[in-house]
Amino acid sequence: MLLVTVSMSLIGVSIINVALPSMQFSLGASESDLQWVLSGYAITFGVVLVAAGRAGDVLGRGGLYVFGVVLFCAASIAAGLASDISLLKVARFVQGLGSGILSPQIIGMIQHYFRGYDRARAFGMYGTTVGLSMGLGPLLGGGIIALAGEAEGWRWTFFVNVPVSLIAITLALRWFPRPLYAKRARPSSPRGALAAGRPAGLDLDPVGIILLSSSIVIILLPFMTPPTTVWTWLLMPAGIVLVLVWVGWELRYRNSGRDPMVDMAIFRSRGFSNGVVLATIYFFGATGIWVLVALYMQQALGHTAFEAGVIGLPSAVCSAFTARWTGRHVTYYGRRIVTGGIFIAIIGMASSILVIVLETQGRASIWWLLGTLTLIGIAQGAVISPNQTITLADAPIAYAGSTGGILQTGQRIGSAIGLGVITAIVFGVQAHFGWTTAITVAFAVIIAILLLCLAVSIGDMVQRRG
């Protein structure tokens, strides 16, 4: 049931990639509007992750899970009915909010109910779902647009979330224990709290929530709007300062004997810290790949949305199989799996650049990308879930939701900034030099980001051996 929700949430993200031209045609949206449709979801998703994870640790995860699904479903309906681009952007914000509330509950439940090898397998199944969903989303979206038409087909890419949401809500109400929906009584002792899988007391640390949420918004805002003024770019250092203020508050809060939103002691674990950094960098680069492929296939080469979805299908299948295999073997091979996956991603990106250049010269078919992008799928299966397993291995169960939220916040911040930066590069270069140069430059930027990610992974391996 949890994996059904994961699938819905991720298909809701990836299906948009091929629907962008349809939205632009139907609503008269600008390139800036399309960036907001993509990144607006990511920003609200990232803002609430840690707070929602903390709330799940303290209040119980079942009720928040259901609330998140309901919110996601309602926002999907609103997005499908949107009469202009402004309403669509608002609906995407709310959709990201719902996804951000439910997602850490899923990670927290896996952390709470599974240990060791079983947890690695559970995250492997999670990764399999991620791979299939991210690949099937564009294919499903392309098929829907082909059947419903270019003008209104994009609306049905949102409506498909509704029946899946209703199924998830029904199963949750039937299977989740009733106490998860009842008002949680304050445990009589810390031991009782830990037995319930949450910290003692009902302390949500509201000041910590406000500080962290505000800092994330301020950091991401420059990447959501055109850099027309100097003050826009002053927001990022201001956001970083606010993060430091948040860290100071959390340390003070803990020293006062209360339960902080995030126990900073977790960052003493090199494995956790390195894993969060690695995930942030990887998502910074990798998230934009499929958006770029969809735009290039449709706007540069004139292919249909369905054809743009088909080109990523082998990648999705390989990602699913790889995630399943790595889930069974990550406890043995450890970080080596992640390092190998990043290296494969670099090869896949370099070979994709070669295909695009050769296709432009008439010496290759664009469908050769079926093979090169498959390497990206293999890499995704070898990086995302294994890194999640390794990073969260030492996280305390009482903080399963909030620590999982930290990891996912890094991923969302990387995704939001990456989409903003990389799409801005593409549109900027394309306006002066054409699509082929724009995609080539963007892919080269992604390779540089992946090389940095590779350095972090290798560094973590060296630290573990030391």
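Scroll up to find the structure this text is about.
Heads up: these notes are all about the structure in this document. (Residues numbered from 1 in each chain as written. Predicted model: local features only at pLDDT ≥ 70, side-chain atom pairs only at ≥ 80, totals over all residues. Heavy atoms only, no water.)

## Considerations on the overall build of the chain
And then number 1: Tallying secondary structure elements over the chain gives 19 helices and 0 strands in all.
And then number 2: The buried share among the 466 residues of the chain stands at 59%.
And then number 3: In the structure as shown, the chain presents an accessible area of about 18200 Å², 69% of it carried by carbon and sulfur atoms. (Helix = DSSP H or I, 4+ residues; strand = E, 2+ residues; numbered from the N terminus. Buried < 20%, exposed > 50% of the residue type's maximum accessible area, 1.4 Å probe, protein only. Areas by Shrake-Rupley, 256 points an atom, 1.4 Å probe, with all protein chains shown as cover.)

## A word on the packing of aromatic side chains
And then number 1: Within the structure shown, the criterion is met by 9 aromatic pairs.
And then number 2: Taking 5.9 Å as the distance between ring centres and 45° as the angle between the ring planes, the aromatic pair formed by Trp36 and Phe93 counts as tilted. Highlighted residues: Trp36 in helix α3 (residues 31-59) and Phe93 in helix α5 (residues 85-113), separated in sequence by 57 residues.
And then number 3: Classification of Trp36 by relative accessible area gives buried; the value is 16%.
And then number 4: Centre to centre, the rings of Trp156 and Phe159 are 5.0 Å apart; their planes meet at 75°, and the pair counts as edge-to-face. One end of the pair is Trp156 and the other is Phe159, both in helix α7 (residues 153-159) and 3 residues apart, which spans about a single turn. (Phe/Tyr/Trp six-rings, centres within 6.5 Å; stacked < 30°, edge-to-face > 60°.)

## Points about helix α16 (residues 335-360)
And then number 1: Taking 1.5 Å as the rise per residue, α16 with 26 residues should run 38 Å; its terminal C-alpha atoms sit 38 Å apart, in good agreement.
And then number 2: Of the residues one or two after α16, Gly362 is the one with positive phi, at around 75°. (Expected span 1.5 Å × (residues − 1).)

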